[in-house]
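Listed here are the chains, written in short residue letters.
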Amino acid sequence: MRLLVIEDERLLAESVKALLESRGFQVDAVGDGEAGAAYGETGIYDLIILDVMLPDIDGFEVCRRIRGSGRRM
């Protein structure tokens, strides 16, 4: 299972990523909404863990963009 973590707090993102990887998941992590939307729109992820308060665009907009591209996780 491939996961995407979108979280601007670097330490938290790295900790979540490390924990999930230790459980056998493939995990990518990005630190802002623009990158998160771009990664999410690729459609390669089974699950996205999304922070709502991001520095450039918020998590709600990221979700709208990903869903608008026709991707379903």
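Above this text you will find the structure in question.
Residues numbered from 1 in each chain as written. Predicted model: local features only at pLDDT ≥ 70, side-chain atom pairs only at ≥ 80, totals over all residues. Heavy atoms only, no water.

1. A word on the overall build of the protein chain
Note the following rule: Under the scheme used here, helices are H or I runs from DSSP no shorter than 4 residues and strands are E runs no shorter than 2 residues, and both carry numbers assigned from the N terminus. As a reference, a globule follows 2.2 Å times the number of residues to the power 0.38, and the radius of gyration itself is taken over C-alpha atoms. In this scheme, a residue with accessible area under 20% of its type's maximum is buried, one over 50% is exposed, and one in between is partly exposed, where area comes from a 1.4 Å probe on protein chains only. Throughout, a contact is declared for two residues whenever any of their heavy atoms are within 4.5 Å. Methods summary: accessible areas were calculated by the Shrake-Rupley approach with a probe of 1.4 Å, and residue burial reflects only the protein chains presented. Counted as positive: Lys and Arg. Counted as negative: Asp and Glu. His and the chain ends are not counted at all. Here the site of a charge means NZ on Lys, CZ on Arg, CG on Asp, or CD on Glu.
Helices and strands together make up the secondary structure of the protein chain, namely 3 helices and 3 strands. N-terminal to C-terminal, the α/β element order of the protein chain is β-α-β-α-β-α. Taking 73 residues into account, the globule formula puts the C-alpha radius of gyration at 11 Å, and the protein chain, at 11 Å, falls close to it. For the C-alpha atoms alone, the extent of the protein chain along its principal axes is close to 30 × 25 × 15 Å. Burial analysis of the protein chain (73 residues in total) assigns 29% to the buried set. Relative to all contacts within the protein chain whose residues are 6 or more apart in sequence, the contacts with residues 24 or more apart total 62%. Approximately 4600 Å² of the protein chain is accessible, and the part contributed by carbon and sulfur atoms is 52%. On the protein chain, the mean spot of the 9 positive side-chain charges and the mean spot of the 14 negative ones are 7 Å from each other.

2. Things to note about the pairing of strand S2 (residues 26–30)
Just so we agree on the cut-off: When DSSP locates at least two bridges between a pair of strands, those strands are taken to pair.
Pairing between strand S1 (residues 2–6) and S2: 5 bridges, direction parallel. Bridge pairing in S2 places Arg 2 opposite Gln 26.

3. With respect to helix H1 (residues 10–22)
The cut-off we apply is this: Given the number of residues in a helix, its expected span is that number minus one, multiplied by 1.5 Å.
For H1, built from 13 residues, the straight-helix expectation of 18 Å at 1.5 Å per residue is met to within 8% by its first-to-last C-alpha distance of 18 Å. Once H1 finishes, Gly 24 follows within two positions and takes phi at roughly 95°, a positive value.

4. With respect to the environment of Asp 8
Locating Asp 8 in the fold gives a position in the loop between S1 and H1. Separated by 28 residues in sequence, Asp 8 and Gly 36 place their C-alpha atoms 10 Å apart. Leaving out residues up to four positions away in the same chain, Asp 8 has contacts with Gly 31, Asp 51, Met 53, Leu 54 and Pro 55.

5. Some words on the environment of Glu 41
Looking at where Glu 41 falls in the secondary structure, it is placed in the loop between helix H2 (33–40) and strand S3 (47–50). Linking Glu 41 and Gly 24, residues 17 residues apart in sequence, is a C-alpha distance of 23 Å. In contact with Glu 41, other than residues within four places in its own chain, are Arg 65, Ile 66, Ser 69 and Arg 71.

6. Considerations on the sheet that holds S2
Sheet strands pair by backbone hydrogen bonding; their relative direction is either parallel or antiparallel. For clarity, the cut-off: In this analysis an axis means a line fitted to C-alpha atoms, helices contributing only their contacting stretch, and an angle means the value between N-to-C directions, from 0 to 180 degrees.
Across the sheet, 3 strands lie side by side as S2-S1-S3; this open sheet has parallel pairing. Either end of the sheet is taken by a strand with one partner, and the two such strands are S2 and S3. Averaged over all neighbouring strand pairs, the angle between strand axes comes to 15°, with direction disregarded. Here H1 sits on the sheet and contacts S1, S2 and S3; the angle it forms with S2, its principal contact strand, is near 175°.

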